[in-house]
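Structural features, examined
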Amino acid sequence: MPVLGLDLHSGSPKSKRPCRYSVVVVKDGQIVLERKGIELQEILRIASELGPCILATDNVFEIAPDISGLRRLLLKLPPGTKVVQVNKEDRFERLSQVARREGFTLSRKADSLSEARIAALLAAKGIGSEVILFEPECRIVVTRNASIKKGGSGTNRWRRMIEAAILNETNRIASYLEERGIEYDLYVHQAEGGLRRAEFVVYAPESKITDIVKPRENGSIKVVITRKMKRKLEFAGSQKANRSKPLIVSIDPGASLGLAISDLEGNILSLKTLRMPSKSQIIEEIVKHGRPVLITTDVFPIPERVKDIAKIFNARVEAASDLLTLKEKEKVVQEFEESSELRASTSHERDALAALLIMYRRLNTLFKKAESRAREKGVPFTSRVRELLVRGKSINEALKQEEKSEKAIERSEIREIRRVRRKRSAATSALLRRIKELEDRLSYYEELLQKKDREISELMEQISQLRKEINLELERDRRIAQRDARIKELEQELRRERWRNELLRARIRALENILREPPTGWIQVLFLKKLSRRELEPFIKERKIREGDVLLVEDASGMGKTVVGTLRELGVRALIWRKNPPPTEVLYELESRGIRVICGKDIEIWWRGGIPYVKDEVLIKNASSIKPNRKRSRLSLEDILKEYRSKLLEGEVEEGDG
């Protein structure tokens with residue numbers, strides 16, 4: 001496999017400006033390319049031309065600022081490419097030390113191209129550790145690729161068709177994996193027409209899966225293949241966790257898996273819910289705390305998945321379903337939560353915790369009997385005895401094995417002491433003193449570490465308290481914002497009500513004006529916009545015009561002699577015009593028929609609702625402003641008025657005589 005060695009030439013991966021690197025390519029033991037001062041994009045292009053290769057460096061964080069950036073870089077490299085840090089095997093060393101040990105020379109002031117060359121040659125010899133960022137497994141997700149709303153009126157039929165297609169694709173992938181003997185776990189979401197979603201956890205690398213399952217996003221469904229990333233940066237061959245501590249593990253299997261872990265003294269070390277976990281996730285969570293010697297569950301018969309995990313650890317597996325009822329679960333968990341700060345946040349955690357507590361109660365009874373028997377025999381009751389009892393050994397067998405191991409340890413210690421005494425010298429004594437000093441220093445640092453742990457715990461509590469205070473402040477700000485919005489809404493409503501109130505007040509004033517009695521000396525008149533036969537007909541039919549009424553006309557220019565006759569028949573006493581007077585010939589006709597014509601431009605009018613009123617003195621003081629046409633009549637206006645007064649006097653005399 002070709003090797004691409006690189007070293008940072010200028011810049012920093014954490015800077016916004018692009019870095020430049022020195023690159024050396026080694027193929028079949030020969031250097032085929034050396035370049036200096038190129039950017040990362042050019043390196044990716046070279047790697048793409050080489051195909052699967054080894055990317056060698058003395059510091060992986062020279063090519064990416066953090067683990068996330070390193071993951072993104074690995075995804076851009078050709079499939080099968082490995083990233084190797086050449087100065088890390090059992091421990092980290094300087095590149096010059098590794099080069100000198102392998103027969104290469106590297107000066108202290110070597111440039112970046114020389115370091116890239118050494119890194120490539122070392123990786124070609126198999127020196128270094130591979131960077132592990134992905135688990136040797138992947139996930140295949142089958143889900144819908146189209147909206148169910150596209151079905152229109154047939155939405156339900158379209159949805160069922162998609163769900164059936166997901167089911168068919170899931171069965172097809174499962175059959176392919178089973179034919180090739182690839183182990184997998186399957187999580188599904190049931191639906192009316194088939195499956196709403198399916199997710200495979202396949203225990204094989206992605207390169208092996210893509211040969212039989214192709215990712216696609218066309219049609220009504222899509223198939224997506226993703227790689228499982230590790231949470232932390234690891235190197236090949238490094239230890240994941242301390243697996244020496246014996247554990248009891250309780251598993252509540254399912255799509256959401258409940259996991260409870262305790263030591264053999266009954267201390268709960270972990271209580272979690274894992275959503276659709278793979279076996280590697282479950283194993284990784286367990287080995288953080290030690291190695292399980294007993295795995296229990298409240299499901300009977302025991303699921304194959306739980307048995308597989310027990311086989312991996314060579315642990316005993318036992319179901320607790322015959323020991324538990326629903327009431328016992330609730331009671332046991334409630335008693336535990338009352339005496340502990342740990343809380344089960346989900347039903348899966350509650351079931352796993354209940355199974356663990358009941359199982360430990362049974363084991364604790366056995367531990368007490370064994371401890372009493374051990375005191376009688378003078379055998380120490382150690383964690384080794386507890387582990388043997390948990391694995392299913394009887395009390396006598398466990399104590400016998402402990403007694404044998406204790407004697408063997410004593411004999412080996414005696415032999416070691418004798419051997420040391422025989423071979424002890426001044427140098428040995430100095431080394432022993434040095435060991436004692438180092439042990440004392442180690443003890444000091446262990447105490448310091450415990451102190452730091454306590455300080456961290458206190459700081460975490462302070463952080464938790466500060467978070468609570470921040471949440472309270474956020475809640476207060478949210479409520480203040482809600483209050484301000486409500487105040488603004490109420491202010492708008494108040495403005496609307498005030499405006500409505502003003503309208504109602506105006507209406508009240510209008511109604512009060514209508515209901516108010518007219519002042520003394522004012523008479524009611526009848527208002528018309530125009531004076532024509534058509535305008536008069538509604539008033540005549542409804543008998544609104546009575547004898548002696550006075551008409552107030554906005555525009556009287558359209559009057560004719562027919563209208564004059566009608567007014568005479570109705571007994572109209574006077575006509576007041578506002579804008580345009582009647583024609584001259586009509587004016588004479590009105591005067592001849594005894595209907596007074598008055599100019600109302602300067603007359604004060606008082607309105608009561610929609611009804612006009614004028615002062616009664618207007619009918620006496622005012623007269624028509626239209627001058628007579630001398631061609632049509634020789635009578636002067638003065639003569640007409642005299643004649644009108646004489647007629648009025650005659651009428652009054654006749655009324656007095658009568």
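Preceding block: the structure.
What counts, and where the lines are drawn
- Residues numbered from 1 in each chain as written.
- Predicted model: local features only at pLDDT ≥ 70, side-chain atom pairs only at ≥ 80, totals over all residues.
- Heavy atoms only, no water.
- Pairing = 2+ DSSP bridges.
- Helix = DSSP H or I, 4+ residues; strand = E, 2+ residues; numbered from the N terminus.
- Axes fitted to C-alpha atoms, helices over the stretch in contact; angles between N-to-C directions.
- Core = buried A, V, L, I, M, F, W, Y, C linked by side-chain atoms within 4.5 Å.
- Buried < 20%, exposed > 50% of the residue type's maximum accessible area, 1.4 Å probe, protein only.
- Contact = heavy atoms within 4.5 Å.
- Phe/Tyr/Trp six-rings, centres within 6.5 Å; stacked < 30°, edge-to-face > 60°.
- Lys NZ or Arg CZ within 6 Å of the ring centre and 35° of its normal.

1. Structural notes on the sheet that holds strand 10 (residues 246-252)
- Spatial strand order, 12-11-10-13-14: five strands in an open sheet with mixed pairing. Looking at strand neighbours, the two that pair on one side only are strand 12 (268-275) and strand 14 (316-319), the edges of this open sheet. Shown here is a sheet whose adjacent strand axes are inclined to one another by a mean of 20 degrees, direction ignored.
- In terms of strand pairing, strand 13 (residues 291-297) meets strand 14 through four bridges, oriented parallel. Note that in strand 14 the partner of threonine 296 across the bridge is glutamate 318.

2. Details of the sheet that holds strand 21 (residues 611-615)
- Taking strand neighbours across the sheet as the criterion, the three strands line up as 15-21-20 in an open arrangement whose pairing is antiparallel. In the strand order of this sheet, the two ends are held by strand 15 (522-524) and strand 20 (606-608), each with one partner. Strand-to-strand twist in this sheet, taken as the mean axis angle between neighbours without regard to direction, amounts to 35 degrees.
- Note: strand 15 against strand 21, three bridges, orientation antiparallel. Its bridge partner being in strand 21, isoleucine 523 is matched across the sheet by valine 614.

3. Quick word on the nonpolar core
- By size, the foremost hydrophobic cluster in this structure holds 32 residues, and its most contacted members are Ile248, Leu363, Leu389 and Val390.
- When residues of this core are traced back to their parent elements, those giving at least two are strand 13, helix 9 (326-339), helix 10 (347-377), helix 11 (383-390) and helix 12 (395-423).
- Broken down by element, the residue count for this core peaks at 13 residues, all from helix 10.
- Beyond its immediate stretch of four places on either side in the chain, leucine 363 contacts Ile248, Leu294 and Val390.
- Judged by nonpolar contacts, the second largest core, of 24 residues, contains Cys19, Ile38, Leu44 and Leu73.

4. Description of the packing of aromatic side chains
- Evaluation of the coordinates by the stated rule reveals two aromatic pairs.
- Seen from their ring centres, tyrosine 360 and phenylalanine 367 are 6.2 Å apart, and the 65 degrees between their planes marks the pair as edge-to-face.
- Overall, tyrosine 360 belongs to the buried group, its relative accessible area being 14%.
- Residue classification places phenylalanine 367 among the buried positions, given a relative accessible area of 2%.
- The lysine or arginine in question, arginine 180, covers the ring of tyrosine 176, its NZ or CZ lying 5.7 Å from the ring centre.
- A cation over a ring is seen here: arginine 386 above phenylalanine 367, with NZ or CZ 4.8 Å from the ring centre.

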